[in-house]
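# Observations on the model geometry
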Amino acid sequence: MRRNIIKILAFMVILAYAGKSVVSVYTEKKDTATVTYGNVILGFNTKAYIIKDEMIIKAPFDGRVEKLVKEGERVSKGHAILEIYSSSFDEEKLRQLEAVESELKKQDTNIPFYKDLQKIDEMIKKEQDNYKEALKKDAELAKKILRRIDSLKAKKEEILKKGPLVLQNIESLKEQKEYLEKYISDNTVTINSPEAGIISYTFEGVEDILNTKNMFDLKIPKLSNLVFENKEVSGEVKEGQPVVKIVDNFDWYLAVILEDKQASLLKEESGIKILFSDYPNEMRGKVIKVYKGDDKLYVGIIKMIDEYPDFYKKSKVDIEIKLKECWGLKIPVSAIAVENGKEGVWVLKNGTSKPVFKEIEIEISDGSYAIVKGLKIYDRVLLQKERNRGD
């Protein structure tokens, strides 16, 4: 009896060892993957063209530009941004005006008749404004106003004759100032910003193509053959030459060239995320249009929601478009099999020599990995490229 018990125990040990060996041999021969928790991103990399809502101002005549606002600065509507001096402008007049204004500040105005003279000057200025308005409506009234102006000027001359010499000197300086200001005004144009926005003096030579008016009719050959110059305006300019851009920093877009499969993934009115190659933060966008750019390729127009630093002076960038991101149980796509019309995976259970088929639900796949439901984390699944259907 005792010998029989010993034999039975020995047989069970051998059997257990053999079973373990079978499982070991099976799993060693087969490539497997472990179910993990992770993410899968559905998207693609591509090049994008930045489209800006910008207003371009051109030089009214040949001359020299002087910038009043730095590149990249945001200004309000009506803000002075640029001055253009005519090609015949005498810059010495600027220095003369500065010297005259400096001299005027040094003058002692605490003298007899100075306030009286100031008051008469104010009256003359007001009457001159009235005269300009009267000329448009009433010729007779204009003549009366002109006589009043002459009378005020005569009174002013009397005061100057009676007053101290310093009073005449102040008046002479004021006349010089008026002459110099008029000369500068006649030979200078000050450009004020017609709208609020970011100021840019950089032109890339593609502004007539990459703009909001053309963005729904872009052609692939034109986009592919664009040449970017990246020139900043300074110094001498010619009449009709673009000199400054006012860029809307709230409305800007991306135009992307798409293959057929990529175009099918971009759904109009859908929100997407974009990562720029030279900027670490993920940015939000909305697909507003996808259309044919030629016989084979498409153009996608994306309205951007977030701000991209220095976007106003860039026109072509490398981006990654993220259409969808999903977190969950992650497995290789090569582990997915179809049995009896159902998608699933073959799972290796501890202590068994044969894998068990488990049905799964695929939430998202990028072609290499998938996020699925129906498994447990750390499950071991067979990769189908290694599985022998006879096992």
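Nothing here was measured: the structure is a model prediction, and the numbers come from that model.

## Quick look at the overall build of the chain
Helix and strand content of the chain: seven helices and 21 strands. When each of the 391 residues of the chain is scored for burial, the buried share is 38%. A total accessible area of about 23700 Å² is found for the chain, and carbon and sulfur atoms account for 50% of it.

## Considerations on the packing of aromatic side chains
Applying the stated criterion across every chain, the model contains nine aromatic pairs. Between W252 and Y308 the ring centres are 6.1 Å apart and the planes differ by 20 degrees, which places this aromatic pair in the stacked class. In this pair, W252 sits in strand β11 (residues 242–258) while Y308 sits in the loop between β14 (298–304) and β15 (316–332), placing the two residues 56 residues apart along the sequence. Of the residues examined, Y308 reaches a relative accessible area of 1% and is grouped as buried. By way of ring pairs, the aromatic residues W252, F276, Y279, Y308 and F311 are connected into one cluster. Above the ring of Y201, the side-chain terminus of K67 is found at 4.6 Å from the ring centroid. A cation over an aromatic ring shows up here: K93 above the ring of Y183, its NZ or CZ 5.0 Å from the ring centre.

## Remarks on a nonpolar patch on the surface
A surface patch of nonpolar side chains, amounting to about 520 Å² of accessible area, comprises Y37, W327, I377 and Y378. Along the chain, Y37 falls in strand β2 (residues 36–58).

## Notes on the sheet that holds strand β6 (residues 188–192)
Spatial ordering of the open sheet is given by β6-β5-β3-β10, a layout of four strands whose pairing is antiparallel. What marks the edges here is a single partner per strand, and that holds for β6 and β10 (236–237). Examined bridge by bridge, strand β3 (residues 63–67) and strand β5 (residues 80–86) share five bridges and lie antiparallel to one another. Residue pairing across strands places E66 opposite E83, the latter belonging to β5.

## A closer look at helix α2 (residues 92–106)
Each full turn of the α-helix corresponds to 3.6 residues, which orients residues three or four apart in the same direction. Here α2 spans 22 Å end to end across 15 residues, near enough to the 21 Å set by a 1.5 Å rise per residue. Every buried residue of α2 is accounted for by K93, L97, V100 and L104. Looking straight down α2, one finds that the buried residues subtend no more than 65 degrees of arc, so they occupy a single side. Along α2, exposed side chains directed more than 90 degrees from the buried face belong to E98, K105 and K106. Next to the buried residues of α2 lie α5 (165–186).

## Some remarks on the confidence of the model for the chain
Predicted coordinates in regions of low pLDDT should not be interpreted in detail. For the chain, the average pLDDT comes to 86, and 90% of its residues sit at 70 or higher. Counting contacts from residues 13–29, a segment whose pLDDT is below 50, to residues more than four positions away or on other chains yields 10 contacts. Low confidence marks residues 386–391, where pLDDT is under 50. Its contacts with residues over four positions away, or in another chain, come to 10 contacts.

What counts, and at which threshold
- Residues numbered from 1 in each chain as written.
- Predicted model: local features only at pLDDT ≥ 70, side-chain atom pairs only at ≥ 80, totals over all residues.
- Heavy atoms only, no water.
- Helix = DSSP H or I, 4+ residues; strand = E, 2+ residues; numbered from the N terminus.
- Buried < 20%, exposed > 50% of the residue type's maximum accessible area, 1.4 Å probe, protein only.
- Areas by Shrake-Rupley, 256 points an atom, 1.4 Å probe, with all protein chains shown as cover.
- Phe/Tyr/Trp six-rings, centres within 6.5 Å; stacked < 30°, edge-to-face > 60°.
- Lys NZ or Arg CZ within 6 Å of the ring centre and 35° of its normal.
- Patch = residues over 30% accessible without salt bridge, like charges linked within 9 Å, V, L, I, M, F, W, Y side chains within 5 Å.
- Salt bridge = Lys/Arg side-chain N within 4 Å of Asp/Glu carboxyl O.
- Pairing = 2+ DSSP bridges.
- Expected span 1.5 Å × (residues − 1).
- Arc of directions from axis to C-beta.
- Contact = heavy atoms within 4.5 Å.
- pLDDT = per-residue confidence, 0-100.

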